[in-house]
Amino acid sequence: MSASLICELCPKSCRIPEGEAGDCRVRVNVGGKLRATTYGRPSAVHVDPIEKKPLFHFLPGTGTFSIATAGCNLHCKFCQNWELSQRDGTEMEVRYQADPPKVVAGALQTGCRSIAYTYSDPVVFYEYTFDTARLAREKGLKNVLVTAGYITPGPLRRLCKVVDASNTDLKYFDDGAYRRYSDATLKPVLDALVIQKEEGVWLEVTNLVVPTLNDDMEMIRKMCRWMVKHLGPDTPLHFSRFFPMYKLQNLPPTPVETLLRAREEGLAAGLRYVYVGNLHGGAEENTRCPSCGKDAVRRVGFQVLEMGVRDGRCRSCGGKIAGRWGA
Amino acid sequence: MRPDHPTCTRRGLLRGLAAAAAGLLATGLRRWTGTVPRERELKEADFYGPDELAG
């Protein structure tokens, strides 16, 4: 007799009949057991600068071995990696065979300091991420999540035990927008942010600013105030520029002025480190020392030009700059 | 099959079936010869792919 399963990994709680997949396309009911069809089968493997995730306060200037499988539990209409995230594994032209030891070996061979579970969302390749991260820890590597944070608390807390840093998307500070444009809800994401902070994961937040969807300054102000209150003023926030993609090709790229205004809102709310991304060459990519106001880290794009932080302190004034700079 | 329908003929049906069979055969041959690899061994050269993915 075939039975349905309920996947408890993400808040969608998909009821999955035998032989079928959940909303993420890759978690399948096989003979009454839940299986991730993409385990050990990444479809993207790259060595990236850690700044690309983006993580600006975590091992700057180092390479991170970045892997992703197909599938995602969100369906953002503006997804920048939709060709990977909105497919199942069998639809991908390339699926590598790379079990956790092979991924860890690849990271070590290429001189990376960390492994990033990224591009689509590590939530849907949870077991692969967990097993690889545990092994990576044993070999002295750090682990990085790049995620939308749409995961239930239990599995997230378990995963946090082997994760060092995370860049989590806070896509909109509005539940309706989450439902309309990403097929998700706001509260589980906020909970995931708080949980990661509680579990000691170094956390940075990205907000992709999409014209007309989430560029309302009142919404941005509320989001920044929530961050200060619940995550602390030392949590870096990256406002990222949108480019027309996937189902939202009718919208223009985010005006630079909008991004700069959003950054001002973040700073006014009390956040100490607010960046503007996908906009190469601006001073808004630099880390300013909150004590003396000088640029402690200067960057262009994903490249670190000048590193003025030593042992977590500004070289100019000795003030503390939050982060995991060289652990 | 509707004989009264001008585009629905026995000949058309046979043509369709033949085309489908040829397609399946071609896909099978490509997989068999390795032109369309379903799974690839991860090699170091793969680590430096195109830089087009975000995040």
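The following paragraphs examine the structure supplied in this document. If you're wondering where the values come from, they're calculated on a predicted model, not measured in any experiment.

Some details on the packing of helix 3 (residues 126–138) of chain A against helix 4 (residues 153–160) of chain A
All names here are of chain A.
Part 1: Two elements in contact, helix 3 and helix 4, have axes separated by 10 Å at closest approach and are oriented at 25°. Here helix 3 lies roughly parallel to helix 4, going by the angle between them. Helix 4 is crossed by helix 3, and the crossing has left-handed handedness. Contacts between helix 3 and helix 4 involve Tyr126, Thr129 and Phe130 from the first element and Pro155, Arg158 and Leu159 from the second.
Part 2: Per-class residue counts for the contact of helix 3 with helix 4 are 4 nonpolar, 1 polar and 1 charged.

Section: the pairing of strand 3 (residues 27–30) of chain A
Residues and elements named next belong to chain A.
Part 1: Pairing analysis gives 4 bridges linking strand 3 to strand 4 (residues 33–36), with the strands arranged antiparallel. Looking across to strand 4, one finds that Asn29 is bridged to Leu34.
Part 2: Connecting strand 3 to the next strand, strand 4, in antiparallel fashion are 2 residues, including Gly31 with a positive phi near 60°.

Observations regarding the sheet that holds strand 10 (residues 165–169) of chain A
Residues and elements named next belong to chain A.
Part 1: In space, the 8 strands of this open sheet follow the order 5-6-8-9-10-11-12-13, with mixed pairing throughout. On the outer flanks of this sheet lie strand 5 (44–49) and strand 13 (274–277), each paired with one strand and no other. Adjacent strand axes in the sheet meet at a mean angle of 20°, parallel and antiparallel pairs treated alike.
Part 2: In the sheet, strand 9 (residues 142–147) pairs with strand 10 via 4 bridges, with the strands oriented parallel. Its bridge partner being in strand 10, Val146 is matched across the sheet by Asn167.
Part 3: In this fold helix 2 (residues 100–109) packs onto strand 6 (63–68) and strand 8 (114–117), with an angle of close to 155° to the strand it touches most, strand 6.

Some details on the sheet that holds strand 15 (residues 295–300) of chain A
Residue and element names in this part refer to chain A.
Part 1: Ordered in space as 14-15-16, the 3 strands form an open sheet in which the pairing is antiparallel. If you trace the sheet from one side to the other, it starts and ends with strand 14 (287–288) and strand 16 (303–307), each paired once.
Part 2: Where strand 14 lies against strand 15, 2 bridges are found, and the strand directions are antiparallel. Its bridge partner being in strand 15, Thr287 is matched across the sheet by Val297.

Some remarks on the environment of Lys77 of chain A
Part 1: For Lys77 of chain A, the position within the fold is in the loop between strand 6 and helix 1 (82–85).
Part 2: Setting aside residues up to four positions removed in sequence, Lys77 of chain A forms contacts with Arg180, Tyr181, Met245, Tyr246, Lys247 and Leu248 of chain A.

Quick word on a nonpolar patch on the surface
Residues and elements named next belong to chain B.
Part 1: A grouping of Leu13, Leu14 and Leu17 is seen on the molecular surface, where their side chains present a nonpolar patch of about 310 Å² in accessible area.
Part 2: Considering the arrangement of structural elements, one finds Leu13 in helix 1 (residues 10–33).
Part 3: Residue classification places Leu13 among the partly exposed positions, given a relative accessible area of 48%.

Points about the side chain of Thr110 of chain A
Residues and elements named next belong to chain A.
Part 1: On the secondary structure map, Thr110 appears in the loop between helix 2 and strand 8.
Part 2: Judged by its relative accessible area of 17%, Thr110 is buried.
Part 3: A distance of 2.7 Å separates a polar atom in the side chain of Thr110 from the backbone oxygen of Gly106.
Part 4: Of the polar contacts made by the side chain of Thr110, one reaches the backbone oxygen of Ala107; its length is 3.2 Å.

Brief notes about the packing of helix 4 of chain A against helix 6 (residues 187–198) of chain A
Any two packed helices are characterised by how steeply their axes cross, that is the angle between the axes, and by the distance between the axes.
All names here are of chain A.
Part 1: It is the contact of helix 4 with helix 6, at a shortest axis distance of 10 Å, that shows an interaxial angle of 30°. It follows from the interaxial angle that helix 4 and helix 6 lie roughly parallel. The element helix 4 and its partner helix 6 pack so that their crossing is right-handed. In this structure, helix 4 contributes Pro153, Leu156, Arg157 and Cys160 to the contact, and helix 6 contributes Ala192, Ile195, Gln196 and Glu198.
Part 2: For the contact of helix 4 with helix 6, the class distribution of residues is 5 nonpolar, 1 polar and 2 charged.

Points about the nonpolar core
All names here are of chain A.
Part 1: Counting 82 residues, the largest nonpolar core has Phe78, Ile115, Leu170 and Phe239 as the members making the most contacts within it.
Part 2: No other element matches the 7 residues that helix 7 (residues 217–230) contributes to this core.
Part 3: The next biggest cluster of nonpolar side chains, apart from the first, holds 20 residues, and it includes Phe58, Cys289, Ala296 and Trp325.

Reading the values: the criteria
Every chain's residues receive numbers from 1 upward, in the order its sequence appears when written. Naming scheme: in the order in which they are written, chains are lettered from A and ligands are numbered from 1. Local features are withheld for residues below a pLDDT of 70 in this predicted model, meaning they are given only at 70 or higher, and side-chain atom pairs are given and counted only at 80 or more; totals for whole chains, interfaces and linings count all residues. Heavy atoms from the whole structure form the basis of all side-chain values; hydrogens and water molecules are not counted. Angles shown run from 0 to 180 degrees and are taken between the N-to-C directions of axes, each axis being a line fitted to C-alpha atoms and, for helices, limited to the stretch in contact. Strands are runs of DSSP state E lasting at least 2 residues, helices are runs of H or I lasting at least 4, and numbering of each runs from the N terminus. Angles are sorted into four bins: roughly parallel if under 35 degrees, roughly antiparallel if over 145, roughly perpendicular if 65 to 115, and oblique for all others. Crossing handedness: left-handed means the near helix sits turned counterclockwise from the far one by under a right angle, and right-handed means the same turn made clockwise. When checking whether two residues touch, look at their non-hydrogen atoms; a contact exists if any pair is within 4.5 Å. Note on residue categories: nonpolar means Ala, Val, Leu, Ile, Met, Phe, Trp, Tyr, Cys or Pro, charged means Asp, Glu, Lys or Arg, and polar means any other residue, Gly included. Note: two strands are recorded as paired if DSSP finds a minimum of 2 bridges between them. Like charges are joined within 9 Å and nonpolar side chains (Val, Leu, Ile, Met, Phe, Trp, Tyr) within 5 Å, but only among residues with over 30% relative accessible area and no salt bridge; these make up the patches. Where accessible areas are quoted, they stem from the Shrake-Rupley method and a 1.4 Å probe; at the residue level, only the protein chains shown are allowed to cover. Salt bridges are identified by distance alone: a Lys or Arg side-chain nitrogen within 4 Å of an Asp or Glu carboxyl oxygen. Accessible area is worked out with a 1.4 Å probe on protein chains only. A residue is then buried under 20% of its type maximum, exposed over 50%, and partly exposed in between. Any N or O atom pair separated by 3.5 Å or less is treated as a polar contact, with the protein-specific requirement of one donor-capable and one acceptor-capable atom, and with residues adjacent in sequence counted only for side-chain atom pairs. Each nonpolar core is a collection of buried residues, namely Ala, Val, Leu, Ile, Met, Phe, Trp, Tyr and Cys, held together in the definition by side-chain atoms within 4.5 Å.

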